[in-house]
Amino acid sequence: MGATESKLAFRKQVFSLSEQSDTPFDDDFWSTFYSLPESAEDVFNLCAHKDIRAAIEKNPKNIKSLIEKLMSRIQLMIDNVHPPTIMDCKHVLNCCRILTRVLPFIFESDTEDLENEIFWSETNLGPQLCVLVSSLLFYRGFTIPSGNSETSNVQFIIWNKGIGASTAPPASKDEIIRRTEVLRLLITLLSKTMYISSANVLTTDNLWMKEFTMNLEKKAILGMLCSFVNTIVTYDPIGWATLPYNHLLFGDLSEPLVGLCSQCLVALFDYRSNIPSEGLSHSGSQVSLSAEPSTTVNPVGKNLFAFYFSKLHKKEDLDLLVNGLMRLIRNPIDASKAYLPGSTKTINLTADLFLVIWTFIEVNKKFFAHLCQSPLVLVLVQALIMESLDARMSANKIGLLRISCFILHVLSQDRDFGIRLNTEADISALGAHGKLFPVFTTGCWGDILYLFIYVLLTTNSAIRASILHLQESYLATMANVSPLITKFNATTATKLFALFTVFSSPRFLLSKERNHTRLLYLLYTIDTILQYQYAGNHQIVYTFVRNKDKVLQLRDLELSDAIEQVQKLKQLKEEQEKSAEEELSEKAKGKLPIDQTAEFQSINGFKPTLPWFNEWKNRLPIQVLSTLVQKLGPQIEAFCIEHDLNVDTKVMEYLSAQTMVGVLPQPHPIITHSFIYSNSMHIWVTAYLWGSFYMKSVETNNAEIAKLCPSIWAGTKVKLFGVSIQ
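Residues numbered from 1 in each chain as written. Predicted model: local features only at pLDDT ≥ 70, side-chain atom pairs only at ≥ 80, totals over all residues. Heavy atoms only, no water.

## Topic: the overall build of the chain
- Secondary structure assignment for the chain yields 35 helices and two strands.
- Relative to its 726 residues, the chain shows a buried fraction of 55%.
- Once local pairs closer than 6 in sequence are excluded, the contacts in the chain between residues at least 24 apart make up 79%.
- Surface summary for the chain: the accessible area is close to 32,700 Å², and the carbon and sulfur share equals 52%. (Helix = DSSP H or I, 4+ residues; strand = E, 2+ residues; numbered from the N terminus. Buried < 20%, exposed > 50% of the residue type's maximum accessible area, 1.4 Å probe, protein only. Contact = heavy atoms within 4.5 Å. Areas by Shrake-Rupley, 256 points an atom, 1.4 Å probe, with all protein chains shown as cover.)

And the structure:
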């Protein structure tokens with residue numbers, strides 16, 4: 001039978017599923033499903049959405065019979081102790097492809113208990129399918145090299161050397177392709193979560209996840225865990241580094257395998273069987289998730305994948321993880337700086353790798369500490385900054401921006417990370433993204449981090465509202481590292497004061513009920529720098545002393561004065577709109593009448609009250625700053641007049657000779673403004689990771705990869721997140 005005839009015959013069989021009822025289970029009709037297709041592309045193109053849905057609605061028994069027949073064929077090869085034939089491999093691959101195609105439509109189906117009836121009833125097909133998939137990943141002659149075995153071809157041999165394996169047999173091209181196809185079936189099984197609404201994702205258990213993470217044999221779990229991790233961290237996307245443009249001449253089938261390993265690993269780590277009703281606690285405006293796991297939220301639970309990974313502690317294993325992940329994270333950065341444009345392969349794994357790092361940090365405390373102690377953590381900071389700057393202008397990348405922000409926030413909680421930010425840095429390290437930063441000559445990575453946050457918080461784009469929701473997390477990151485950075489440059493000092501000007505303005509403070517929390521974070525940052533790193537930060541001292549009036553105005557601010565200033569600005573704006581060609585002079589501005597009888601209400605509808613104002617105003621950590629500017633302001637003015645100076649360098653020398661001992665109060669205890677991993681945050685992370693997988697599956701640009709990996713979920717009715725088709 002020719003290729004065209006085979007496709008027509010297969011198409012006819014698919015159509016028959018909805019039209020022909022009570023098909024005999026042992027009929028040759030069923031065998032044509034796994035014998036006719038030649039590729040994953042054939043299966044996905046010839047099994048149309050409408051035909052699968054029609055079969056599920058009209059003849060669900062046929063779908064159940066099809067699944068039983070496919071599983072029976074896979075089981076037949078699993079039970080065979082002889083090496084698989086070419087035909088065995090073709091049939092089993094087609095079984096995996098058809099299951100990958102059909103399962104999402106079963107998950108989305110509104111038919112009452114269809115999935116439970118097929119997989120979790122008396123037939124117990126669900127657990128059986130999970131065992132079959134895990135076995136296929138380690139089947140000799142199929143996904144691992146052939147070998148002699150008298151009992152079983154299923155041998156849990158780790159795919160790549162690294163964790164748990166000092167050596168590993170090389171994989172052929174066919175074995176890499178088969179691993180990829182089986183992993184597509186695995187991620188499809190795990191994707192049941194996509195078809196649960198966000199409101200129910202915490203209360204509805206994903207039985208597929210539960211089966212893989214809790215009920216598989218230990219050797220299967222360890223084999224999968226080590227194979228997935230080693231495949232990721234040992235991947236070398238460059239290959240022949242001395243040959244430019246080699247990626248255009250030779251296809252790379254390893255990248256989709258690495259991507260699927262990353263996705264399966266992240267999804268398996270994300271599963272929690274026992275999710276508490278309460279998240280981590282917090283007090284006041286300070287979020288509170290320490291680097292130590294809370295007793296109320298166990299990041300491991302009964303998830304054996306996460307449990308075994310959390311036990312990794314050997315230095316060589318942690319080195320392998322950090323070095324391997326940072327090598328991949330660095331790839332797009334190095335590729336963008338290549339002398340010959342496009343000469344170096346750029347991998348499309350950044351979003352997956354950020355999620356891998358996020359889950360590794362969450363699950364393994366020792367990995368987190370090792371990462372923060374390594375100089376390679378700055379590669380991660382560089383990548384997070386560059387990806388965030390790209391994402392800030394695109395609505396499609398809001399999730400990537402958020403996860404990058406959260407990773408920075410969690411990193412900032414570690415002392416070693418803060419110390420590492422004192423490493424000297426050049427803005428050219430960010431390549432073309434450096435043009436977005438204020439110009440400066442010398443500085444450290446702390447300067448780059450602060451200036452990056454300034455650039456992001458002042459971005460005016462279509463997703464500005466989403467960026468504003470991240471303000472507290474970014475400001476908490478600044479506050480956490482503030483006592484550890486020994487010296488900020490003049491540019492950072494200027495932008496720090498610019499943020500102070502915005503957040504301390506009455507218009508900003510009175511516009512929303514929680515806006516004062518931004519000011520609290522910023523003042524804590526400044527206060528901590530002055531108390532713990534005064535000796536090296538004369539630029540910040542001098543910047544605020546020069547603008548001491550702003551500081552003292554905030555210290556003495558009253559609610560009535562704040563309302564009056566806002567109303568003046570409002571009336572001034574109205575006056576300017578009436579006479580656009582005339583500009584009101586400062587004198588006219590001061591004489592504008594103020595209606596003190598009307599109740600004040602912000603443009604956002606918020607009505608500030610005196611108790612609300614006094615509550616946060618009394619908590620402002622402004623004593624150190626106001627004391628400093630009052631003490632040094634007159635001294636610097638007298639020094640400049642006496643020596644007829646207008647050169648900042650001389651003033652810096654004068655400040656370096658001054659001491660604040662006995663002037664400033666005793667340093668306050670350092671507070672870690674920590675990340676809250678609450679139930680709502682867990683829901684968002686789950687939705688984001690599956691949304692990220694969905695988007696990647698439909699955005700494959702390489703034709704060869706598109707044939708190997710057709711989109712799994714496109715066209716299905718996903719419930720966990722919204723899908724916009726443009």
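Additional details are given in the paragraphs that follow.
## Overview of unusual backbone geometry
- Phi is positive for N124, close to 60°, though the residue is something other than glycine.
- Position of N124 relative to the elements: it lies in the loop between α7 (114-120) and α8 (125-136).

## Considering the nonpolar core
- Residues F228, L411 and W690 are the most contacted members of the largest nonpolar core, which totals 240 residues.
- With twelve residues, helix α6 (residues 86-108) is the largest single contributor of residues to this core.
- The residues touching W690, leaving out its near neighbours within four places in the chain, are I187, L190, S191, T193, M194, M209, A267, W713, L720 and F721. (Core = buried A, V, L, I, M, F, W, Y, C linked by side-chain atoms within 4.5 Å.)

## Some details on the pattern of salt bridges
- Per the stated rule, a full pass over the model turns up 16 salt bridges.
- The residue E472 makes a salt bridge to R518 at a minimum N-O spacing of 3.3 Å. Residue E472 is found in helix α23 (residues 471-481), and its partner R518 is found in helix α26 (residues 516-532); the two are separated by 46 residues along the sequence. Residue E472 shares its accessibility class with R518, and that shared class is buried.
- A salt bridge links R619 to E615; the shortest N-O distance between them is 2.9 Å.
- The exposure class assigned to R619 is partly exposed, which follows from its relative accessible area of 37%.
- Linked through salt bridges whose partners overlap, the residues forming this network are E472, R514 and R518. (Salt bridge = Lys/Arg side-chain N within 4 Å of Asp/Glu carboxyl O.)

## Things to note about the environment of A168
- Here A168 shows up in the loop between α8 and α9 (173-190).
- Along the primary structure A168 and I144 are separated by 24 residues, whereas in three dimensions their C-alpha atoms are 9.9 Å apart.
- Residues in contact with A168, not counting those within four places in the same chain, are I158, W159, N160 and K161.

## A closer look at the environment of R518
- R518 sits in the buried class, given a relative accessible area of 11%.
- Sequence separation between R518 and Y474 is 44 residues, and the spatial gap between their C-alpha atoms is 9.8 Å.
- Contacts of R518, omitting those with residues within four sequence positions, involve L468, Q471, E472, L475, F503 and F508.
- Reaching out from R518, the side chain makes a polar contact with the backbone oxygen of R514 at a distance of 3.5 Å. (Polar contact = N/O pair within 3.5 Å; in protein donor to acceptor, adjacent residues only side chain to side chain.)

## Points about the side chain of R53
- Locating R53 in the fold gives a position in helix α4 (residues 49-58).
- Judged by relative accessible area, which is 19%, R53 ranks as buried.
- Among the polar contacts made by the side chain of R53, one reaches the main-chain carbonyl oxygen of G715 at a distance of 2.6 Å.

## Re the packing of helix α18 (residues 377-391) against helix α21 (residues 445-457)
- It is at 11 Å that the axes of α18 and α21 come closest, and there the two elements cross at 15°. On the basis of the axis angle, α18 is roughly parallel to α21. Pair α18 / α21 crosses with left-handed handedness. Here L378, V381, Q382, I385, S388 and L389 of α18 lie close against α21, whose contacting residues are W445, I448, F452, V455 and L456.
- Grouping the constituent residues of the contact of α18 with α21 by class yields nine nonpolar, two polar and no charged. (Axes fitted to C-alpha atoms, helices over the stretch in contact; angles between N-to-C directions. Parallel < 35°, antiparallel > 145°, perpendicular 65-115°, else oblique. Left-handed = near helix turned anticlockwise from the far one by under 90°. Nonpolar A, V, L, I, M, F, W, Y, C, P; charged D, E, K, R; others polar.)

## Comments concerning the packing of aromatic side chains
- Under the definition given, this model contains 34 aromatic pairs.
- Look at F138 and F156: their rings are 5.2 Å apart centre to centre, the planes differ by 50°, and that puts the pair in the tilted class. With F138 in the loop between α8 and α9 and F156 in the loop between α8 and α9, this pair connects stretches of sequence that are 18 residues apart.
- Taken together, a centroid distance of 5.3 Å and an interplanar angle of 80° make the contact between W690 and F693 edge-to-face. Residue W690 and its partner F693 are both found in helix α34 (residues 679-698); the two are separated by three residues, about one turn of the helix. (Phe/Tyr/Trp six-rings, centres within 6.5 Å; stacked < 30°, edge-to-face > 60°.)

## Thoughts on empty space enclosed by the protein
- Evaluation of the coordinates by the stated rule reveals four cavities of 30 Å³ or more.
- Of the voids in this model, the largest cavity is the one considered here, and its volume is about 60 Å³.
- If you trace the largest cavity, you find it lined by V14, L17, F33, C47, I52, A55, I63, L66, I98 and V102.
- Across the lining of the largest cavity, the residue classes break down as ten nonpolar, no polar and no charged. (1 Å grid on protein atoms, 1.4 Å probe; cavity = no way out; pocket = protein on both sides within 12 Å on 5 of 7 lines; lining within 4 Å. Points joined across faces, edges and corners; volume = space filled by probe spheres on them.)

## Some points on helix α10 (residues 207-215)
- Looking only at α10, the buried set comprises W208, M209, E211, F212 and T213.
- Among the residues of α10, the N-terminal cap falls to N206, whose side-chain oxygen and the backbone nitrogen of W208 are separated by 3.0 Å.

## Remarks on the confidence of the model for the chain
- Mean pLDDT for the chain: 85, with 86% of residues reaching 70 or above.
- In the predicted structure, residues 274-301 sits below a pLDDT of 50 and forms 58 contacts with residues beyond four places in sequence or in another chain.
- Note on residues 591-598: pLDDT is under 50 here. Beyond four places in sequence and across chains, it has 13 contacts. (pLDDT = per-residue confidence, 0-100.)

## Concerning helix α32 (residues 623-643)
- Across its 21 residues, α32 extends 30 Å between first and last C-alpha, which sits within 8% of the 30 Å expected from 1.5 Å per residue.
- Along its length, α32 reaches its greatest deviation from straightness, about 30°, at L632, and the proline P634 lies no more than four positions downstream.
- Looking at α32, one finds that the buried residues are V624, L625, S626, L628, V629, L632, G633, I636, F639 and C640.
- Where α32 is buried, its residues touch α24 (490-503), α26, α27 (538-546), α28 (548-555) and α33 (648-656). (Expected span 1.5 Å × (residues − 1). Bend = angle between axes of the 7 residues up to and from the residue.)

## What about the environment of I448?
- Its place among the elements puts I448 in helix α21.
- Dropping the residues within four chain positions of it, I448 is found in contact with I385, A425, D426, I427, L430, F437 and F440.

## What to know about the side chain of K192
- Along the chain, K192 turns up in the loop between α9 and α10.
- The buried category is assigned to K192, whose relative accessible area is 15%.
- A polar side-chain atom of K192 sits 2.9 Å from a polar atom in the side chain of E115.
- What K192 contacts, discounting residues up to four positions off in sequence, is F107, E115, N206 and W208.

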